[in-house]
Every structure is written in C-alpha cells, then in structure tokens.
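Letter by letter, the chains look like this.
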Amino acid sequence: MAKQLRPLAGKVVVVTGGGRGIGAATARALVARGARVAIGDVDLEAAERTAAELGAGAVARHLDVTDRPGFTAFLDEVEAELGPLDVLVNNAGIMPLSAVEDESDAVVVRQLELNLHAVIHGSKEAIRRMKPRGRGHIVNVASVAGKAGFPGGATYCAAKHGVVGFSEAIRLELRGTGIEVSCVMPSLVATELASGVGDSPWVRRARAEDVANAIVGALEVPRFDVFVPKVSGSIMRVLAPMPRRWREGMARALKADRLLLDAAGGHGRAAYEARAARSAPAADAPARAAA
Ligand SMILES: NC(=O)c1ccc[n+]([C@@H]2O[C@H](COP(=O)([O-])OP(=O)(O)OC[C@H]3O[C@@H](n4cnc5c(N)ncnc54)[C@H](O)[C@@H]3O)[C@@H](O)[C@H]2O)c1
C-alpha cells in the first residue's frame, strides 16, 4: 500500500546555507510545496537573492552557524516571525581540500565547527523546541564522505562521519518523541563546493535539485538514509561486506581515491577555496586573534 504523504504546505522550515547550491534548491523545492522557508546564510546577499527569487514563501537572514548564540537567536527570530519550527535542514558546509599534512589548524577547526559542531548545536536547538510539541523533523546533510574515506578531504570526511554517527544516535534517542531524523548522503553534486573535482567513474554528478527532491521526499515519507543518487547507497551496501583490500583496490582501479586529492590546489577551485576561507567568522575569530 502506498504510504501517505505528509503535507509540507504551511510548515515552517529553516535551511542553513540556503543562499546557493543544495540549500537554495531545497528552499525552492519546499516553497513550491507551500512551506514557509527561512534561509540562513553567512552570505546575506546570496540568501536575499534566493529569497527574492522565491517570493512570499521565503525570508532571508544573516546566519553564521558557527556562532552558536547567534544561531539560537536566529531560530528565535524565525519562530517569532513565521511560527514554531517544523523542520530544520542543517545544510551549511564547506569542503577545503589539501593533503592532510598541509592543512592548517585554523582550517581543521573551521571545518569541525561548521560541518559538525554547528549540526550538533542546530539539532539540540531544534529538539529543545520540537520535543514539547511532539513533532518535528531534523535533516542533516552529510555526504558519502561520511561513509568512506577520500584522500585530500580527510578532515571533511572526519566531520561528515561525525554527522552520520550523531544523526544515527539522535534518531534512536528521539524514538517515540514524534521527532524524525534524516541523514542525507549525496555523492558529487554540481555546485561551487565541488568545482574543480573530476567526475567519479562510478556515479554520475547529481544536480542540486536531485538532492532537494530527495530531501522533500524524506520529509513527505520520513526515512533516515537518503543517498543521492540512490545507486550510491546500493554501491555502499555491496562494498560493505567485502574485505578492505578488495574495496581499496577497486577504488584505486577506478581512480575514485584520487578525485579530491587531484583537485586540491588546482585553479578550478581557487574561487571556491577563497570563499570557504571566509565562511565561518565566529569559528575563525580565535585564530585571527592569535595571529
Ligand atoms: N556539492 C557536493 O558535491 C556535495 C556532496 C556531498 C555533500 N555536500 C554537502 O551539502 C551541503 C551544501 O553544499 P553545497 O554543495 O550546496 O555548497 P555551496 O558552497 O554551493 O553552498 C553552501 C552554502 O553554505 C553557506 N555557508 C558557508 N558557511 C556558512 C556558515 N558559517 N553559516 C551559514 N552558512 C554558511 C555558503 O555561503 C553557501 O551559500 C554541505 O554540507 C556539503 O558538505 C555537498
């Protein structure tokens, strides 16, 4: 029997990092379903551009997810303006690439704060608000880099593995509370974050809209594991029981182990890496003060 769709019309949804890329596509897909979407982004101009394009269903606010009191205040403001939070999409993230020994402490801290700690903080804030109401949905955007290791993105992988583990734990912790949890694991997606990265011979590059549609699908019929494209989930399941040497040999044969490393430092990523380096003012403040 077909599962009944949960309607999204009128739901209050926050999308972090919704100014461009996957977040903007998700905001667009949600507004199309009648949701009221608050786009929070450290790049206010990008957030305002996207909200203006989406019309009355979307509002834009400045948000640096690494500024935890600021993130809390942003959620308070959204609830005061739009009503109780129904869905939080923890999407904001960055992917600076380099060999691990070349990565500065500041870049390690920025990634852990932005890609992991902010997801934990956002989820805690959402749970605090949703639990008394007995309903809500938290969507954490991780990556296939949360399920496997990719050279050139070791700290990114560490943070995304953290997001997957955290999401699995809160899913169990929240059983019976009415709060749903989804963990989104895209492979390569055609956004600025993946600029300069070559294509995987295994899986086609997805569009931001594919991820957005998968997120909408997981809200309408709640499910935890959301692989985009779906085939990457099947590949993970086939590879999982294989001996490590076989899995690694296959990745080497298909050059999937070189994708991020070969892109690191390349011209194709200069503009993105510069933007990622300005992406977390609150997380970077101690490093700037010490310099
Ligand atoms: N593009 C891919 O190939 C891919 C694959 C797997 C997972 N992901 C994940 O999807 C998410 C979105 O990535 P994307 O590809 O759309 O990237 P993107 O760079 O196109 O967009 C990310 C948005 O997040 C915003 N942002 C950055 N730092 C922020 C901060 N401190 N506070 C608030 N907003 C901030 C940026 O301004 C930008 O608008 C990330 O978590 C990323 O790790 C992306």
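Refer to the preceding data block for the structure.
For clarity, every value in this text was computed on a predicted model and none was experimentally measured.

Engineer: Requested: an account of the sheet that holds strand β6 (residues 179-186), with residues and values cited.
Structural biologist: Where strands meet in a sheet, backbone hydrogen bonds hold them as pairs that are either parallel or antiparallel. Ordered in space as β3-β2-β1-β4-β5-β6-β7, the 7 strands form an open sheet in which the pairing is parallel. Taken across any chain shown, the strands that pair with only one partner, and hence form the sheet edges, are β3 (58-62) and β7 (225-228). The mean inter-strand angle of the sheet, taken between neighbouring strand axes irrespective of direction, is 15 degrees. Where β6 meets β7, 4 bridges bridge the pair, whose relative direction is parallel. Paired with Val-184 across the two strands is Val-226, which belongs to β7. Docked against the sheet, helix α4 (residues 105-130) engages β4 (87-90), β5 (136-141) and β6, running at close to 175 degrees with respect to β4.

Engineer: With reference to specific residues and values, describe empty space enclosed by the protein.
Structural biologist: Per the stated rule, a full pass over the model turns up 1 cavity of 30 Å³ or more. For the largest cavity, the full set of lining residues is Thr-16, Val-65, Phe-71, Asn-90, Asn-91, Ala-92, Leu-114, Ala-118 and Val-119.

Engineer: Explain the side chain of Asp-64 to me, and be specific about the residues and the numbers.
Structural biologist: By the element assignment, Asp-64 lies in the loop between β3 and α3 (68-82). Here Asp-64 sits buried without a salt bridge, and the closest side chain of opposite charge, Arg-288, lies 7.8 Å off (N-O distance). Among the polar contacts listed, one links the side chain of Asp-64 to the side chain of Thr-66, at a separation of 2.8 Å. Separated by 2.8 Å, the side chain of Asp-64 and the backbone nitrogen of Ala-282 make a polar contact. Setting aside residues up to four positions removed in sequence, Asp-64 forms contacts with Val-42, Ser-279, Ala-280, Pro-281 and Ala-282.

Engineer: Lay out the nonpolar core in plain terms, naming residues and giving numbers.
Structural biologist: In terms of nonpolar packing, the biggest core is built from 52 residues, with Val-14, Val-65, Phe-74, Val-78, Leu-85, Met-95 and Val-197 touching the most fellow members. Sorting the residues of this core by element identifies β1 (12-16), α3, α4, α5 (154-173), β6, α9 (259-263) and α10 (270-276) as the ones contributing at least two each. Each residue touching Val-14, except ones within four places of it in the same chain, is listed here: Ala-38, Phe-74, Leu-75, Val-78, Leu-85, Val-87, Leu-88 and Val-89.

Cut-off values and rules
Residues numbered from 1 in each chain as written. Predicted model: local features only at pLDDT ≥ 70, side-chain atom pairs only at ≥ 80, totals over all residues. Heavy atoms only, no water. Pairing = 2+ DSSP bridges. Helix = DSSP H or I, 4+ residues; strand = E, 2+ residues; numbered from the N terminus. Axes fitted to C-alpha atoms, helices over the stretch in contact; angles between N-to-C directions. Contact = heavy atoms within 4.5 Å. 1 Å grid on protein atoms, 1.4 Å probe; cavity = no way out; pocket = protein on both sides within 12 Å on 5 of 7 lines; lining within 4 Å. Points joined across faces, edges and corners; volume = space filled by probe spheres on them. Buried < 20%, exposed > 50% of the residue type's maximum accessible area, 1.4 Å probe, protein only. Lys, Arg positive; Asp, Glu negative; His and termini not counted. Salt bridge = Lys/Arg side-chain N within 4 Å of Asp/Glu carboxyl O. Polar contact = N/O pair within 3.5 Å; in protein donor to acceptor, adjacent residues only side chain to side chain. Core = buried A, V, L, I, M, F, W, Y, C linked by side-chain atoms within 4.5 Å.

Geometric values such as these leave the question of function open.
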